[in-house]
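Summary of structural features
For reference, the chains in residue letters:
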Amino acid sequence: MTPLFILMHEADNVAIVVNDGGLPSGAVFANGLTLVDKVPQGHKVALFDLPAGAPVRRYNVVIGHTLRDIPAGSWVHERLLQMPPARALTGLPMATVKPPSMVPLDGYTFDGYRNADGSVGSRNILAITTTVQCVAGVVEFAVQRIKAELLPLYPNVDDVVGLEHTYGCGVAIDAPDAVIPIRTLRNISRNPNFGGEVMVVSLGCEKLQPERLMPPGVIPITDLRGESQDEVKLDVVCLQDDAHVGFMSMIDSVMRQAKVHLERLNQRRRETCPASELVVGVQCGGSDAFSGVTANPAVGFATDLLIRAGATVMFSEVTEVRDGIDQLTSRALNTDVAEAMIREMDWYDRYLEKGLVDRSANTTPGNKAGGLSNIVEKAMGSIVKSGSSVISGVLSPGQSVREQGLKGLIYAATPASDFICGTLQLAAGMNLHIFTTGRGTPYGLAECPVIKVATRNDLARRWHDLMDINAGRIASGEASIEDVGWELFRLMLSVASGKKTWAEHWKLRNALVLFNPAPVT
Ligand code: CA
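I will try to describe carefully the structure that is included in this document. (Residues numbered from 1 in each chain as written. Predicted model: local features only at pLDDT ≥ 70, side-chain atom pairs only at ≥ 80, totals over all residues. Heavy atoms only, no water.)

1. Focus: the sheet that holds strand β7 (residues 81-82)
Read across the open sheet, the 3 strands follow the order β4-β5-β7; overall the sheet is antiparallel. Every other strand in the sheet has two partners, leaving β4 (55-58) and β7 as the edge strands with one partner each. Across the face of the sheet, helix α9 (residues 375-383) comes into contact with β4 and β5 (61-66) while running at roughly 160 degrees to β5. (Pairing = 2+ DSSP bridges. Helix = DSSP H or I, 4+ residues; strand = E, 2+ residues; numbered from the N terminus. Contact = heavy atoms within 4.5 Å. Axes fitted to C-alpha atoms, helices over the stretch in contact; angles between N-to-C directions.)

2. Points about the pattern of salt bridges
Close approach of charged atoms lets side chains of opposite charge pair. For the structure on display, the rule yields 23 salt bridges. Here K368 makes a salt bridge to E78, at a shortest N to O gap of 3.6 Å. Placement of the pair is K368 in helix α8 (residues 365-369) and E78 in the loop between β6 (75-76) and β7, with a sequence separation of 290 residues. Looking at K368, the relative accessible area reads 28%, which means it is partly exposed. E403 is the partner of R190 in a salt bridge, and the nearest nitrogen-oxygen pair spans 3.1 Å. Taken together, the positions of R190 in the loop between α2 (179-189) and β12 (199-202) and E403 in helix α10 (residues 401-404) put the pair 213 residues apart, joining distant regions of the chain. Taking relative accessible area as the criterion, R190 reaches 23% and is therefore assigned partly exposed. One continuous salt-bridge network, built from bridges that share partners, spans D288, R456, D458, R461 and R462. (Salt bridge = Lys/Arg side-chain N within 4 Å of Asp/Glu carboxyl O. Buried < 20%, exposed > 50% of the residue type's maximum accessible area, 1.4 Å probe, protein only.)

3. Observations concerning the state of the cysteines
Here is the idea: a disulfide is a covalent bond, and it sits between the sulfur atoms of two cysteines. Enumeration over the complete set of coordinates arrives at 0 disulfides. Here C238 is not cross-linked by a disulfide; its sulfur's nearest cysteine counterpart is in C205, at 8.5 Å. The thiol sulfur of C273 is not disulfide-bonded, and the nearest other cysteine sulfur, from C448, lies at 15 Å. For C273, a relative accessible area of 1% translates into the label buried. (Disulfide = S-S within 2.5 Å.)

4. Some words on the packing of aromatic side chains
One pass over the full model with this rule turns up 14 aromatic pairs. Arranged with centres 5.2 Å apart and planes meeting at 75 degrees, the rings of Y108 and F489 form a pair that is edge-to-face. Of the two residues, Y108 is situated in the loop between β7 and β8 (109-114) and F489 in helix α13 (residues 481-496); the sequence distance between them amounts to 381 residues. Exposure remark for Y108: the relative accessible area of 25% places this residue in the partly exposed category. Ring centres of W502 and W506 lie 6.1 Å apart, and the angle between their planes is 15 degrees; on these two criteria the pair is classed as stacked. For W502, a relative accessible area of 29% translates into the label partly exposed. Here the aromatic cluster, defined as three or more aromatic residues joined through ring pairs, consists of W347, Y348, Y351 and F515. (Phe/Tyr/Trp six-rings, centres within 6.5 Å; stacked < 30°, edge-to-face > 60°.)

5. Regarding the side chain of T455
Relative to the helices and strands, T455 resides in the loop between β20 (450-454) and α12 (457-462). According to the relative accessible area criterion, T455 is buried, its value standing at 0%. Excluding its chain neighbours within four sequence positions, the residues that come into contact with T455 are D288, F290, S291, T294, A295, T437, G438, A471 and G472.

6. Structural notes on the coordination of the calcium ion
Taken together, the protein donors to the calcium ion comprise Q283 (OE1), C284 (O), E317 (OE), A416 (O) and D418 (OD), at separations of 2.3 to 2.6 Å. As a motif over one chain, the donors of the calcium ion read Q-C-x32-E-x98-A-x1-D. Within this pair, whereas E317 is found in the loop between β16 (312-315) and α6 (325-331), its partner D418 is found in helix α11 (residues 418-427), the two being separated by 101 residues in sequence. Comparing E317 with D418, the two get one shared label, buried. (Donors = N, O, S within 2.8 Å, 3.2 Å for Na, K, Ca; no water.)

7. Structural notes on the pairing of strand β10 (residues 125-130)
Counting buried residues along β10, 6 of its 6 residues qualify, which places the element largely inside the surrounding structure. Where burial is concerned, the two faces of β10 agree: the one with I125, A127 and T129 and the one with L126, I128 and T130 are both buried. Across 5 bridges, β10 lies against strand β11 (residues 159-163) in parallel orientation. The residue of β11 that forms the bridge with L126 is V160.

Structure below.
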């Protein structure tokens, strides 16, 4: 294959090598540049002679300064770069950019499950909420029995899931930050894919009592049967209840209650819904230098299509947008939104400081092996998932778009950790999850379909039955960003309508991981 590099911006002085397997020293590019080092795929090559201390630009952003003279054609890797400090959170451009108004995209629909509260599910799942990890084994046992004995009787229900987690006891539950894991769990129970049916399994003596998790007034029941919301009693199976004699009586209780909810869930039917009912969470994991060149720009293009169709899209991952905060505050709808974004960044800066680290703790050995020298470079590639629309709102960790009355492009502040980000986006109300990966991860969730986008042809070829879309074709010139963006948009509509993703096909399910910044005891 002809030696190829990709330049992200005309002001850049580095570009990344496209060819599978990288390129040997002596390889000559079409513009005459000759490699003086062997350069791995996805890694940077110096386009010009860079003297010591020179700024290295990618995405027209300074990703670092050279630690020594670097001749043109050299491999520019992390050990040759000094990372710049994080941009201060003062003096930022606030809602200064007015992105051109986009033409609405009408007529796109999917077949979803409309809920009583107005939200729309993409799946029909019985979720069993747990207040504490202590009950996880019992719930898992009951879920297996429900799947084997009850689910076949309710053919319109897709699945039964125990919402297991490690929170609920042994924690400082009155600490201010405990609000995050508690509201996360509460809002996950109300995810649109669960049809407003909430049943809880509690131990009895735990700190997170069912009434604390689900105070009266927040319990969503699809069919209120004439009762007012305040009169609806939370459906709780308490394992320490005196009525339980022996393990099987606990299992019987859980199964008896599950049946009540399965009856109602089984009445749900898919109906044609406008694409505006989609609530899409986007994130990346196992990123490489192609993430920001192929998959994430294609996701960004699809994000713009979704916003034009009136849908809600959440992007997240604080440490992966921190270095681009000025791009985001400038795109905010108004100064309130920009200030909310700064507030979330500032909270996270202090959270990291408490652990004696900063945002640079984000990058993994795999990121670096994939060509991403540092968090600045990674962030520039991560942010493009947000497309180019106005940012119309901000969610703090664990909040939901419905509760906050938000629509459009939303910044949902979450850690970048794949499982924690996914968990928080579930709480925010997502009914579809888009996940890009360059190194490759088999990520999946039981609660919501996950569409995985490969950044490279090589990964898409080897993981052909794990990756749902191959954006690597953008780097090899076989497809444009627009092509893959439209393909992804159409795939989203069919997956939201019931088409299974590879992760669903193989039943790949990562754990729910609640973000608990408060102390444990
Ligand atoms: Ca992630």
